[in-house]
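# Structural description and commentary
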Amino acid sequence: MSEEKIVSRGGIKLPVHVNRRLVRYYWDRLKKNKLSLAGLGFIVFLALLGTFGPFFAADPQHVDFDVKNLPPLGFSTQESIYDIKTSTFTTTVHPGRPDHPLGTDSKGRDMLAMLISGSRISLLVGLLATGIAISLGTFLGVLSAYLGGWADNLLMRFTDVMMTFPFFLLLVLIVFIFGPSLTIIVIVIGLTGWTGAARLIRSEALSLRTRDFITASKALGASDNRIIFNHLIPNVASLIIVMATLSIPGVIMAEAALSFIGMGDPMSTSWGTILNTGQHTLDTAWWVAVEPGIMLFLTVLSFNFFGDGLRDAFDPKATV
Amino acid sequence: MRNYIIKRLIYSIIIAWGILTITFILLRVGPSSPVDRYILNIAARGQDVDSVKQAIEARYGLNKPITEQYFSYMGNLLQGNWGWSFSASMPVLELIGSHWIYSFQLILLATIFAIILGVGLGMLAAVKQNTKFDYAASIFSFIGISIPGFWLGLMLILVFAVYLGFFKTYYDTNYPIWSLENLKQLILPVMALGIGELAGYVRYTRSAMLDNLHKEFVTTARAKGLPESTVIGKHVLRNAILPLVTIIMFDLGSVVFGGAYLTEIVFGIPGLGQVSFNAIFADDYAVVVAVTLIGTFLVLFINLATDLFYTYLDPRIRYE
């Protein structure tokens, strides 16, 4: 069922067909892949947690040495203290406490609050950086394919240089120079991560360019802008969506790795930052290294499952 | 063919030059100077900071305009002089010479581990398509792809070194490279680095095998009465190997640049990853540029080798 919606473009009101049936068709195909749905479910959960969680949770940066190294609920740690006067060992058992259900780290910061803050940061960095990278990649890819000739050649050679560039080293280098802030991290990942998208979109656009409907709209006198935005980009849209979904986990991992080596934003708590503290207390407080890793792993797994399902749903040749 | 190789080599040199220039500019335009470390010591001893700083900068030509520094660096490089490491107080080439082997052994072992197990498991999964083994392999590969390598490293240390005590928690450089002890302490790092790659190879091998498994020449081979092992090993695998080589070679680049660095940091292996990270923090630009350049050449060489290897694997491929 195709529905008409009026939108305004350049002052002229135009009817745009929103094809509900197509969306419905893709959703039905996606629904058949249970793993993909589970992935989507976890992503939605994470988004809700990251959006609303911080309003309810404790302050993730609140330090309280009285409750340091508390284990998660259901676990307990033992502490042996030697008393010189009586020369005896007293062993105290510290069980997990309900006010810190996931335990605390070596500075007494609440793990649950830190994990919630981390989910906000991971999703934010993942979505924003991927947004920048994919938009830039799409723009450059379409531009390259459409312009052709020396401009195409120049752009693709530049892409080659960027692709060969040691990505992680570049990331560390730029963050070191400009200082560790979330904005810088997002911009750097966004500005370096567009190469794959640009190449893929370019090759797709190149094959589209010779198709009859493009020739037809050219013959009808459509402008370059119109052909690019109304014909080329809608036709690579499914490719772009799949590509974006599957590149989010890489971005999230890159941010976590950066924070893990101590180059994260010191003003915010991300999963990588917690892992950075956790790696030094593996023998006394294992949960500090385990919990953020599980979150990271589940997030990446969910995006991979969901992206895989999306790809199959969009692919007319795939049987779902 | 010879012209093609020459063209590719020239092209590689241009890309490497581009990367070198970007790295050099990023490092030298930054606010801090490699001399800063010296200055801290001198200031602590109460000597006149400015005159010493100027003297050192004049001696190494750091006070000249950036373009002049760039050309003198390039000139030296072309004569085989890689510069001086300020933080290690030795020539860059000597520093790299004493550390490269730690990275090399790690990357080599992890790659061998991943290729043998990954391709083996992928082949088995394809042959036993839609059995429990196939599903298990598929789930394993999804998990392996989604697990962050550095976190996996931490977990391996936690379980096998901290709790079970099978391994030391740190890398001991006192063991000679070719000793059994050294091989033993590399088990965990190799697993941490290799499992992600392995998981990818399982997936790609499986799909490449399945692409060929139901082709007519396979039916013919079976009809001829060839044993199943010959059909799989000689007819299916050989046709599946071309896309596999691309993936493996492409992955090697990301292992060299991404995973190996983080693995070295998690396990405290003093390889080139550690060296370059320390160099970034010390603003030791000559070391960073050198490591980046070596890594870039390695990746470009691998790419070229892959393309040439194709002509051997598939004689139909010819380069003009």
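Residues numbered from 1 in each chain as written. Chains lettered and ligands numbered in written order. Predicted model: local features only at pLDDT ≥ 70, side-chain atom pairs only at ≥ 80, totals over all residues.

### What to know about the overall build of chain A
Basically, it comes down to this: For helices the rule is a DSSP run of H or I covering at least 4 residues; for strands it is a run of E covering at least 2, with both sets numbered from the N terminus onward. Each radius of gyration reported is based on C-alpha atoms, and the globular scaling rule is 2.2 Å times the count of residues to the power 0.38. Whether a residue is buried, exposed or partly exposed is read from the other C-beta atoms within 10 Å of its own C-beta, which are placed from the backbone; 20 or more gives buried, 12 or fewer gives exposed, and intermediate counts give partly exposed. By the criterion used throughout, residues are in contact when their C-beta atoms, derived from the backbone, lie within 7 Å.
Within chain A, the regular secondary structure consists of 11 helices and four strands. Radius of gyration (C-alpha) of chain A: 25 Å, far over the 20 Å computed for a compact globule of 320 residues. Once the C-alpha set of chain A is aligned to its principal axes, its extents read approximately 100 × 45 × 40 Å. Taking all 320 residues of chain A together, the buried fraction comes to 38%. Put simply, of all contacts in chain A between residues at least 6 apart along the chain, 71% involve residues at least 24 apart.

### What to know about the overall build of chain B
Helix and strand counts for chain B come out as 13 helices and two strands. Out of the 320 residues in chain B, the part that is buried amounts to 36%. The long-range fraction of contacts in chain B, counting pairs at least 24 apart against all pairs at least 6 apart in sequence, stands at 74%.

### Notes on unusual backbone geometry
Glycine aside, negative phi is the norm for most residues, and most peptide bonds take the trans geometry. Phi at S87 of chain A takes a positive value of approximately 40°, unusual for a residue other than glycine. Relative to the elements of secondary structure, S87 of chain A occurs in the loop between strand 3 (76–83) and strand 4 (88–95). Of the residues examined, S87 of chain A has 7 C-beta atoms within 10 Å and is grouped as exposed. The residue N130 of chain B is not glycine, and still its phi comes out positive at about 65°. Residue placement: N130 of chain B occurs in the loop between helix 5 (92–127) and helix 6 (132–146). The exposed category is assigned to N130 of chain B, around which 8 C-beta atoms lie within 10 Å.

### Focus on the environment of Q185 of chain B
All names here are of chain B. In this structure, Q185 sits in helix 8 (residues 180–185). Sequence spacing of Q185 and K7 is 178 residues, and the spatial spacing of their C-alpha atoms is 43 Å. In this structure, Q185 is in contact with F167, K168, Y171 and D172, ignoring residues within four places of it in sequence.

### Focus: the packing of helix 4 (residues 149–164) of chain A against helix 1 (residues 2–29) of chain B
The line we're drawing: What counts as an axis is a line fitted to C-alpha atoms, over the stretch in contact for a helix, and the angles between N-to-C directions run from 0 to 180 degrees. Convention used here: angles under 35 degrees read as roughly parallel, angles over 145 as roughly antiparallel, angles from 65 to 115 as roughly perpendicular, and any remaining angle as oblique. The handedness criterion is simple: a crossing whose near helix is rotated anticlockwise from the far helix by less than a right angle is left-handed, and one whose near helix is rotated clockwise is right-handed. Note that Gly is not counted as nonpolar here; it falls among the polar residues with everything else outside the nonpolar set of Ala, Val, Leu, Ile, Met, Phe, Trp, Tyr, Cys and Pro and the charged set of Asp, Glu, Lys and Arg.
Taken N-terminus to C-terminus, the directions of helix 4 of chain A and helix 1 of chain B make an angle of 65°; their axes are 9 Å apart at the nearest point. As summarised for this structure, helix 4 of chain A and helix 1 of chain B are arranged roughly perpendicular, according to the angle between their axes. Note that helix 4 of chain A runs across helix 1 of chain B; the crossing there is right-handed. Residues D160, V161 and T164 of chain A of helix 4 of chain A pack against I15, G18 and I19 of chain B of helix 1 of chain B. Grouping the constituent residues of the contact of helix 4 of chain A with helix 1 of chain B by class yields three nonpolar, two polar and one charged.

### Digging into the nonpolar core
So the rule is basically this: Defined on buried residues, the nonpolar core groups Ala, Val, Leu, Ile, Met, Phe, Trp, Tyr and Cys residues joined through C-beta atoms within 7 Å.
Of all hydrophobic cores here, the largest spans 141 residues; its most connected members are L171 and V172 of chain A together with L106, L154, V287 and V288 of chain B. With 15 residues, helix 11 (residues 228–267) of chain B is the largest single contributor of residues to this core. The residues touching L154 of chain B, leaving out its near neighbours within four places in the chain, are Q279, L282, A289 and G293 of chain A together with V266 of chain B.

### Concerning the packing of helix 7 (residues 195–209) of chain A against helix 9 (residues 224–260) of chain A
How two helices pack is summed up by the angle between their axes together with the distance between the axes. Residue and element names in this part refer to chain A. In the contact formed by helix 7 and helix 9, the axes pass within 10 Å of each other and the chain directions differ by 150°. When you trace helix 7 past helix 9, the crossing you get is right-handed. Mapping the contact onto sequence places A197, L200, I201, E204, A205 and L208 in helix 7 and L232, N235, V236, L239 and M243 in helix 9. Its residues assigned to classes, the contact of helix 7 with helix 9 comprises nine nonpolar, one polar and one charged.

### Some details on the environment of A256 of chain A
Residue position: A256 of chain A is located in helix 9. C-alpha of A256 of chain A to C-alpha of S122 of chain A: the two residues are 134 residues apart in sequence and 7.8 Å apart in space. Dropping the residues within four chain positions of it, A256 of chain A is found in contact with S270, W271, G272, L275 and L296 of chain A together with P148 of chain B.

### Side note on the interface of chain A and chain B
The interface is formed by 31 residues belonging to chain A together with 32 residues belonging to chain B. Split by residue class, the side of chain A that touches chain B holds 25 nonpolar, four polar and two charged.

### Describing the pairing of strand 4 of chain A
All names here are of chain A. Stated precisely, the cut-off is as follows: Pairing between two strands requires that DSSP report at least two bridges joining them.
Little of strand 4 is tucked away, with zero of its eight residues classed as buried. Bridge count for strand 3 against strand 4 is eight bridges, and the pairing is antiparallel. Bridging from a neighbouring strand, E79 pairs with T92 of strand 4. Counted between consecutive antiparallel strands, the loop separating strand 3 from strand 4 contains four residues, among which S87 sits at a positive phi close to 40°.

### Quick look at the environment of M1 of chain B
Residues and elements named next belong to chain B. For M1, the position within the fold is in the segment before helix 1. Judged by the 10 C-beta atoms lying within 10 Å of it, M1 falls in the exposed class. Residues M1 and Y319, 318 residues apart in the sequence, show an inter-C-alpha distance of 6.0 Å.

### Let's talk about the confidence of the model for chain B
Rules: The predictor's confidence in any single residue is recorded as pLDDT, a number from 0 to 100.
The share of residues in chain B with pLDDT of 70 or more is 95%, and the mean pLDDT across the chain is 83. Per the prediction output, this complex has pTM 0.85; the corresponding ipTM is 0.84.

### What to know about helix 3 (residues 49–60) of chain B
The line we're drawing: Helix span is expected to be 1.5 Å times the residue number reduced by one.
The terminal C-alpha atoms of helix 3 of chain B lie 17 Å apart, and with 12 residues this matches the ideal 16 Å at 1.5 Å per residue to within 8%. At the C-terminal side of helix 3 of chain B, G61 of chain B shows a positive phi close to 70°.

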